[in-house]
Amino acid sequence: MQLPGRHLLGIEGLHPAIISNLLDLAESYALLNRSGKTRRDVLRGRTLINLFFEDSTRTRTSFELAGKRLGADVINMSVSTSSVSKGETLLDTAATLNAMNCDLLVVRHKSSGAPALLAQKVDAAVINAGDGMHEHPTQALLDALTIRRHKGRLEGLTIAICGDIAHSRVARSNILLLTTMGCIVRLVGPPVLIPTGIEQFGVTIHHTMETGLRGADIVMALRLQTERMNGTGPGGGLIPSAREFFTFYGLDSDKLALAKPDALVMHPGPMNRGVEIASQLADDPTRSVIREQVEMGVAVRMAVLDVLSRTANRNV
Ligand code: NCD
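The following paragraphs examine the structure supplied in this document.

This part is about the overall build of the protein chain. Broken down by element type, the protein chain carries 11 helices and 9 strands. Taken over C-alpha atoms, the radius of gyration comes to 19 Å for the protein chain, in line with the 20 Å a tight globule of 316 residues would show. For the C-alpha atoms alone, the extent of the protein chain along its principal axes is close to 55 × 45 × 35 Å. The burial tally for the protein chain puts 55% of its 316 residues in the buried class. For the protein chain, the share of sequence-separated contacts (at least 6 apart) that also reach a separation of at least 24 residues comes to 73%. Entry remark: accessible area of the protein chain is about 13200 Å², with carbon and sulfur atoms responsible for 51%.

Given below as structure tokens:
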């Protein structure tokens, strides 16, 4: 299996067969992880650098674990951008990383397109771990794997993605992946949090949870990305209050009752309990697969690192 390029910068442009193959490989790594075994031969002698210009808990940790389980040398770099100009930092960093002969570079940055820019400057295979409001491809892959494990398929499922769509790279990557795989995708939220023109991606828009959740197979709640909004306050100036947001768009068991009886609850984390999701529902093992999403995150990242290392420069 080979990706269209030597990097993974987004879901955009990935053929359904490639997505399916990546999910199959990730599934095998999920089973390996559950068995407690490792495959340290896969990335032996390879160097993986985690370059995070934005905070992260699960994404950085799971890339680190994935790299280590496959035998790579893993280095974590957290970079503060506060005092330096973005362009210079990125290009300087690229030169440094090149000098270190890094094979796999995992990048998170607050600017959309930063990983793509780095990809032009480094010899390593670049993996986008979230760039601004643009894409977060491994999150969409781990979400798809979690869904497929429970429902046995992706095609034909109805997925409701709720909350702050406008500022969410998770939403964007999920929209691309899920529509590519034949899902029916509904976006649910107040007009200020849904980008205009997004219908062109083959999704439908719902401004109430009543219509958006009715008959859905999967309900995905998203965090209000206040750090990407311009105003101050709990909703970045876009919503009156967190409490009001919860009343209308917070996922709780009453609203979930509108979806299919076996509908699953998802959230990429970090969660704001009582804002976009009720605490009790997030912790309900009969409905919530939020923990499994984290588990699948490691497996998906192992699959991506494995596949990209096969085409990484130093390997050819
Ligand atoms: C998401 C992100 O960083 O885009 N988190 C994650 O990677 N699990 C979502 C978020 O921050 O709300």
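What follows picks up the thread again.
On to the pairing of strand β5 (residues 158–162), then. Most of β5 is tucked away: 5 of the 5 residues are buried. Alternating residues of β5 divide into T158, A160 and C162 and I159 and I161, and every residue in both groups is buried. Of the pairings in the sheet, the one linking β5 to strand β6 (residues 184–188) comprises 5 bridges and is parallel in character. For T158, the partnering residue across the bridge sits in β6 and is I184. Each parallel crossover has a hand, and the one from β5 via helix α6 (residues 169–180) to β6 is right-handed. Here β5 runs beside strand β8 (residues 218–221); their pairing, made up of 4 bridges, is parallel. Bridged to I161 within β8 is M220.

Turning our eyes to something else, we now look at the nonpolar core. Buried together is how nonpolar side chains tend to be arranged in soluble globular proteins. L141, I161, L177, L187 and L305 are the most contacted members of the largest nonpolar core, which has 66 residues in total. Top contributing element to this core by residue count: helix α11 (residues 290–311), with 10 residues. Excluding its chain neighbours within four sequence positions, the residues that come into contact with L305 are L43, L48, F63, A66, G67, L70, L104 and I127. Core analysis: the second largest hydrophobic core is formed by 25 residues, M209, L224, F245 and I290 among them.

A word on the side chain of S62. Checked against the element boundaries, S62 lands in helix α2 (residues 58–69). Taking relative accessible area as the criterion, S62 reaches 5% and is therefore assigned buried. Beyond its immediate stretch of four places on either side in the chain, S62 contacts G297, V298 and R301.

Before going further, it helps to spend a moment on the environment of A26. Along the chain, the position of A26 falls in helix α1 (residues 16–35). Between the C-alpha atom of A26 and that of L251, which follows or precedes it by 225 residues, the distance is 29 Å. Not counting residues within four places of it along the chain, the set of residues in contact with A26 comprises L145, A299, V300 and A303.

All right, on to the sheet that holds strand β7 (residues 204–206) then. With parallel pairing, the 5 strands of this open sheet are ordered in space as β7-β6-β5-β8-β9. Only two strands of the sheet have a single neighbouring strand rather than two, namely β7 and β9 (264–266). Across the sheet, the mean angle separating the axes of adjacent strands is 25 degrees when strand polarity is ignored. As defined by bridge partners, β6 adjoins β7 across 3 bridges and the pair is classed as parallel. Paired with L187 across the bridge in β7 is I205. Strands in contact with helix α5 (residues 137–151) are β5, β8 and β9; relative to β9, the strand with the most contacts, it is inclined by about 165 degrees.

Cut-offs and rules
Residues numbered from 1 in each chain as written. Predicted model: local features only at pLDDT ≥ 70, side-chain atom pairs only at ≥ 80, totals over all residues. Heavy atoms only, no water. Helix = DSSP H or I, 4+ residues; strand = E, 2+ residues; numbered from the N terminus. Rg over C-alpha atoms; globule rule 2.2 N^0.38 Å. Buried < 20%, exposed > 50% of the residue type's maximum accessible area, 1.4 Å probe, protein only. Contact = heavy atoms within 4.5 Å. Areas by Shrake-Rupley, 256 points an atom, 1.4 Å probe, with all protein chains shown as cover. Pairing = 2+ DSSP bridges. Right-handed = clockwise from strand over helix to strand, strands pointing away. Core = buried A, V, L, I, M, F, W, Y, C linked by side-chain atoms within 4.5 Å. Axes fitted to C-alpha atoms, helices over the stretch in contact; angles between N-to-C directions.

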